[in-house]
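Analysis of the macromolecular model
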Amino acid sequence: MEPVKDAIAKRAHVGTIGQYRALYAQSVEDPAGFWAKQAKRLDWFVDPLVVREEEEAEGTVDFSWFGGGKLNAAWNCVDRHVAERGDKTAIIWAKDEVGEYEHISYRRLKQEVCRVANVLRAHGVRKGDRVCIYLPMIPELAFTMLACARIGAIHSIVFAGFSAESLKDRIEDAGAKVLVTANEGLRGGKTIPLKATSDKAVDAVGDLVETMIVVRRTETEVPMKAGRDVWLHEEAARQRLSCPAEWMDAEDPLYILYTSGSTGKPKGVLHTTGGYLTYAAFTHELVFDVHEDDIYACVADIGWVTGHSYIIYGPLANGATTVMFESTPLYPDASRYWRLVDDLGVTIFYTAPTAIRAIERLGDEWVTKTSRKSLRILGTVGEPINPGVWQWYHDVVGNGKCAIVDTWWQTETGGIMISPLPGATPCKPGSATLPLPGIQPVLVDDEGNEVEGNDVRGNLCIKGSWPGQARTIWGDHARFVDVYFTRFPGYYLTGDACRRDEDGYYWITGRIDDVLNVSGHRLGTAEVESALVAHQAVAEAAVVGMPHDVKGTGIHAYCICTPAWEEKDRAEVIDVLKKQVREVIGAIATPDRLMVVPGLPKTRSGKIMRRILRKIAAAEYDDLGDITTLADPSVVEKIVDDHKAGK
Ligand code: PRX
């Protein structure tokens, strides 16, 4: 057990475990009172009349928070801070170019947001319309999301590493009539052709997208389609510096964010305004123990939920200084993060275990040659952190002086759910520790019974609602109910397996479904399989996760080739198929290992035995279990031999 550090506890909002326990008890005894108080951290145009309502009827569920309340998220993240801290830096943009930073004050942020809001309005965007954003980590991304919030448009941000096809699917599903993109992105010294990808995606959705607004990130010229494409800087220069903020209902949608599930295409998780923002602000302050003078850096990409909640909405709602990091942890070398920390005096730093592992393996000196003396709190998110890596983060990066917060949550939860509080919770490396106030995790056995007590395992579920909870899947409420509330009625199903140890600490042990956490990014095996079978070379494909030193989980694909491709050069086929996945989904989904196999292990009823494929992928050949019931056991021997031979 790693004790809480006195220096951190002394100035913390919650400074003892007793205080945490009291707060937690209060939050579950009187949730309405507790959350009503939390909602007061926001500025409401009209105060809420009710705190929460939960409705359940045959086959459906419905939660709502802060009913009757009216507010605007951009107002809360920007305007209200201008009077109090107008000159304070809201965003520090850490450019891809080493050592180049741009500081944007709250006052300037307001003007930029208003200008972009006016540009969107001028192009016909109204309350409730969807705007798709496909931008790299540049300030215009923050301006655009807040501009949407300001006028009541729903943003749908697509990670700039996704392919044209993934972008197209998301534009289409959301029905976005405006796309905001950039001529190019810049990352790790390399350019990313965002406009070209956007053109492909937009051309493929017919005339759905009426306007493409393009940010100029680099000097590269790109073709602009007359009547459709406009430059943001030209449009913004013509607009006023002010723009009225829409009065939004607490339950009006704020954004859609697509995430992978175990089946089908990615689903558009929908977050609403009042509850989400309350929860993002509350958790950001509590978990990162944020104070007025902190310099806070979450180095995730805004294309994922971590960036939504903990680069933009949480920090800005709290009036903090937040960093937007455009580059990568290894560019130009493995000191990049710590150089960022020293250059800016970062006090709170939040990243993913995969990035820590990538840096750790290159040797301590990349870290130790930097000072890092400003750091106080170090966070991780996205996947379980190996205890050894936790210790390294603590000892080497944090010099043994920082609190580590291993934060467990999901796109659907809107914000952190299980995490230590830096000034209060003794840590066990590898455990996300204890639930935040207001959150009731339960472990449920496969029959749907709550597993009581400690030193137990089960399916991690959440009892009751919390303000940041996703309200629906865009356009498919039935799927929302089906995925999260049907297997164990009365609970929200997270999809994670979990252990609660003898001290009541939570340990996430992996997914219970076919979702992979690859470098902390969530991918469905079904998505990768469907990208593979879309190629003429593939007759059938099965995809599983495999242990990977840096990524945590890597992607292992097994493909049966069509007759015409069977005789081709193996290495060439593998290359073609990896490229296929990159083109259909994006580079993050590229299989780490792809095998061409003569068949797949199937039961006599034709079901693929993924358990066996997972074991082979992990090189656990002696632990395949009973294979005699398979339709053709010899397939397994052949795959094992080829796997051992590195084919
Ligand atoms: O499996 C859990 C894992 O990431 C999943 C959620 O992925 P996503 O919606 O993309 O959100 C990631 C960022 C919030 C979870 O179901 N996960 C996330 N954080 C942790 C984690 N697993 C273990 N420990 C964590 N701290």
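The structure presented is a predicted model; accordingly, all values stated were derived computationally and were not measured.

Let's talk about the overall build of the chain
Within the chain, the secondary structure is distributed over 21 helices and 31 strands. Its C-alpha atoms give the chain a radius of gyration of 24 Å, within 12% of the compact-globule value 26 Å for 647 residues. With the principal axes as the frame, the chain shows a C-alpha extent of 75 × 65 × 60 Å. Classification of the 647 residues of the chain by burial places 62% in the buried group. Considering only contacts within the chain whose residues lie at least 6 apart along the sequence, 71% involve residues at least 24 apart. For the chain, the accessible area works out to roughly 23,900 Å², and carbon and sulfur atoms hold 49% of it. Counting 73 positive and 90 negative side-chain charges, the chain places the averaged centre of each group 3 Å from the other.

Digging into the domain arrangement of the chain
Segmentation of the chain into domains returns domain 1 (106-253) and domain 2 (517-644). Placing the centre of domain 1 and that of domain 2 at their C-alpha centroids yields a distance of 37 Å. At the interface, six residues of domain 1 touch seven residues of domain 2. Note on domain 1 versus domain 2: buried area summed over both sides is about 450 Å², and carbon and sulfur give 54% of it.

Considering the pattern of salt bridges
All chains considered together, the criterion is met by 52 salt bridges. We note a salt bridge from lysine 95 to glutamate 100, for which the minimum N-O separation is 3.9 Å. Residue lysine 95 is classed as buried on the basis of its relative accessible area of 19%. Via salt bridges that share partners, Lys195, Asp199, Asp203, Arg228 and Asp229 belong to a single interconnected network.

Regarding helix H16 (residues 477-485)
Within H16, the full set of buried residues consists of Arg479, Phe480, Val481, Tyr484 and Phe485. The elements touched by buried residues of H16 are strand E2 (60-65), strand E15 (267-272), strand E24 (472-473) and strand E25 (491-500).

A closer look at the pairing of strand E29 (residues 538-548)
Here ten bridges tie E29 to strand E30 (residues 552-561), and the two strands are oriented antiparallel to one another. Residue glutamate 540 lies in a different strand from E30, and its bridge partner there is isoleucine 560. Turn length for the E29-E30 hairpin, with the two strands adjacent in sequence and antiparallel, is three residues.

Examining unusual backbone geometry
Proline 332 follows tyrosine 331 through a cis peptide bond whose omega is 0 degrees. With respect to the secondary-structure elements, proline 332 resides in the loop between strand E17 (321-325) and helix H12 (336-344). With a phi angle near 55 degrees, asparagine 399 is a residue other than glycine that sits in the positive phi range. A relative accessible area of 43% means that asparagine 399 is categorised as partly exposed.

As for the site of the ligand
Asp406, Thr407, Thr411, Asp496 and Arg522 are the nearest of the 17 residues found near the ligand. The contact in question runs from an oxygen atom of the ligand to an N or O atom on the side chain of aspartate 496, over 2.7 Å. Between arginine 522 and the ligand, the recorded distance is 2.6 Å, taken from a side-chain N or O atom to an oxygen atom. Listed by contribution, the elements that provide at least two residues to the shell around the ligand are helix H11 (305-317), strand E20 (403-407) and strand E26 (506-511). When its residues are assigned to classes, the shell around the ligand shows six nonpolar, six polar and five charged.

Describing empty space enclosed by the protein
To find leftover empty space, a probe the size of one water molecule is rolled over the atoms. In total, this model carries four cavities of 30 Å³ or more according to the counting rule given. A volume near 90 Å³ is recorded for the largest cavity. Along its surface, the largest cavity is lined by 15 residues, and Pro3, Ala403, Ile404, Thr425 and Cys427 are the ones closest to its centre. Those elements giving two or more residues to the lining of the largest cavity turn out to be helix H15 (387-397) and E20. It is E20 that provides the largest number of residues to the lining of the largest cavity, a total of three residues. Its residues assigned to classes, the lining of the largest cavity shows eleven nonpolar, two polar and two charged.

A short note on the environment of alanine 470
In this structure, alanine 470 sits in the loop between strand E23 (456-463) and E24. Taking relative accessible area as the criterion, alanine 470 reaches 2% and is therefore assigned buried. A sequence separation of 57 residues divides alanine 470 from threonine 413, and the C-alpha atoms of the two residues are 6.1 Å apart. When neighbours within four sequence positions are excluded, alanine 470 is seen to be in contact with Val269, Leu270, His271, Glu412 and Phe480.

Description of the sheet that holds strand E8 (residues 178-182)
Strands sit in the order E12-E11-E8-E6-E7-E14-E15-E24 across an open sheet of eight strands; the sheet is mixed. Whereas interior strands pair on both sides, the edge strands pair on one side only; in this sheet they are strand E12 (229-231) and E24. Summarising the sheet, strand E7 (residues 154-157) and strand E14 (residues 253-259) pair through two bridges and their orientation is parallel. Of the residues in E14, the one forming a bridge with serine 156 is isoleucine 256.

Focus: the sheet that holds E25
The antiparallel open sheet is built from five strands, whose spatial order is E22-E21-E23-E25-E26. Edge positions in the sheet fall to strand E22 (450-451) and E26, since each has one partner strand and no second. Examined bridge by bridge, E23 and E25 share seven bridges and lie antiparallel to one another. Each bridged residue has a counterpart across the sheet, and for arginine 457 the counterpart in E25 is arginine 499.

Some remarks on the pairing of E14
A large share of E14 lies buried, amounting to six of its seven residues. Here E14 runs beside E15; their pairing, made up of six bridges, is antiparallel. Bridge pairing in E15 places tyrosine 255 opposite histidine 271.

Description of the nonpolar core
Most often, soluble globular proteins have nonpolar side chains that are buried together. Ranked by size, the top nonpolar core spans 166 residues in total, and within it Leu109, Leu146, Ile171, Phe288, Tyr313 and Leu532 carry the most contacts. Two domains each put at least three residues into this core: domain 1 (106-253) and domain 2 (517-644). Those residues in contact with leucine 532 that sit more than four places away from it in its chain are Val538, Ala541, Val543, Ala557, Cys559, Leu577, Val581 and Leu594. If you look at the next biggest cluster of nonpolar residues, it comprises 31 residues, including Ile92, Val341, Ile385 and Val396.

Structural notes on the side chain of serine 105
The residue serine 105 is located in strand E5 (residues 101-105) in this model. In this view, serine 105 contacts Gly86, Asp87, Lys88, Thr89 and Ala90; residues no more than four positions away in its chain are not counted.

Some details on the packing of helix H7 (residues 164-174) against helix H8 (residues 194-203)
Between H7 and H8, the least distance of the axes is 8 Å, while the angle of their chain directions is 50 degrees. With respect to H8, the element H7 is oriented oblique. For the pair H7 and H8, the sense of crossing is right-handed. Residue-level inspection shows Ala164, Leu167, Lys168 and Ile171 of H7 in contact with H8, the latter providing Thr197, Ser198, Lys200, Ala201 and Val202. Broken down by class, the residue content of the contact of H7 with H8 amounts to five nonpolar, two polar and two charged.

Parameters at a glance
- In this numbering scheme, every chain counts its residues from 1 along its sequence in written order.
- Local features in a predicted model are, by the rule used here, given only for residues with pLDDT of at least 70; side-chain atom pairs are given and counted only at 80 or more, and totals for whole chains, interfaces and linings are based on all residues.
- Side-chain measures were taken over the full set of non-hydrogen atoms in the model, leaving aside hydrogen atoms and water.
- Numbering of helices and strands runs from the N terminus, with a helix taken as a DSSP run of H or I at least four residues long and a strand as a DSSP run of E at least two residues long.
- Here the radius of gyration uses the C-alpha set of atoms, whereas the globule reference equals 2.2 Å times the residue count to the power 0.38.
- Summary of the burial criterion: residues with accessible area below 20% of their type's maximum are buried, those above 50% are exposed, and those between are partly exposed, where the area comes from a 1.4 Å probe applied to protein chains only.
- Whether two residues touch is decided by their heavy atoms; if any such pair falls within 4.5 Å, the residues are in contact.
- Each accessible area value is a Shrake-Rupley result obtained with a 1.4 Å probe; residue values ignore everything except the protein chains displayed when judging cover.
- A positive count includes Lys and Arg, and a negative count includes Asp and Glu. His and the chain ends are not counted in either.
- Think of each charge as sitting on NZ of Lys, CZ of Arg, CG of Asp or CD of Glu.
- As used throughout, domain bounds are those supplied by an automatic or database domain assignment.
- Buried area is calculated as the accessible area (1.4 Å probe) missing from two parts once they are joined, with the contributions of both summed.
- One side-chain nitrogen of Lys or Arg within 4 Å of one carboxyl oxygen of Asp or Glu is enough to make a salt bridge.
- Criterion used throughout: strands pair if DSSP finds at least two bridges between them.
- Put simply, a residue is near a molecule or strand once any heavy atom of it comes within 4 Å of that molecule or strand.
- In protein, a polar contact requires one atom able to donate a hydrogen and another able to accept it; more generally it is a pair of N or O atoms within 3.5 Å, and residues adjacent in sequence count only if both atoms are side-chain atoms.
- Classification used: nonpolar for Ala, Val, Leu, Ile, Met, Phe, Trp, Tyr, Cys and Pro, charged for Asp, Glu, Lys and Arg, polar for all others including Gly.
- The distinction between a cavity and a pocket rests on a 1 Å grid over the protein atoms alone: a 1.4 Å probe fits inside a cavity but cannot get out, while a pocket stays open yet meets protein on both sides within 12 Å along at least five of seven lines, and a residue with an atom within 4 Å of a point counts as lining.
- Grid points are joined across faces, edges and corners, and a volume is the space filled by probe spheres set on the points.
- Definition used in this section: a nonpolar core is a set of buried Ala, Val, Leu, Ile, Met, Phe, Trp, Tyr and Cys residues joined via side-chain atoms within 4.5 Å.
- Angles here are taken between N-to-C directions and fall from 0 to 180 degrees, while the axes themselves are lines fitted to C-alpha atoms, restricted in helices to the stretch in contact.
- Roughly parallel refers to an angle under 35 degrees, roughly antiparallel to one over 145, roughly perpendicular to one between 65 and 115, and oblique to any angle outside these ranges.
- Handedness of a crossing follows from how the near helix is turned relative to the far one, being left-handed for an anticlockwise turn of less than a right angle and right-handed for a clockwise one.

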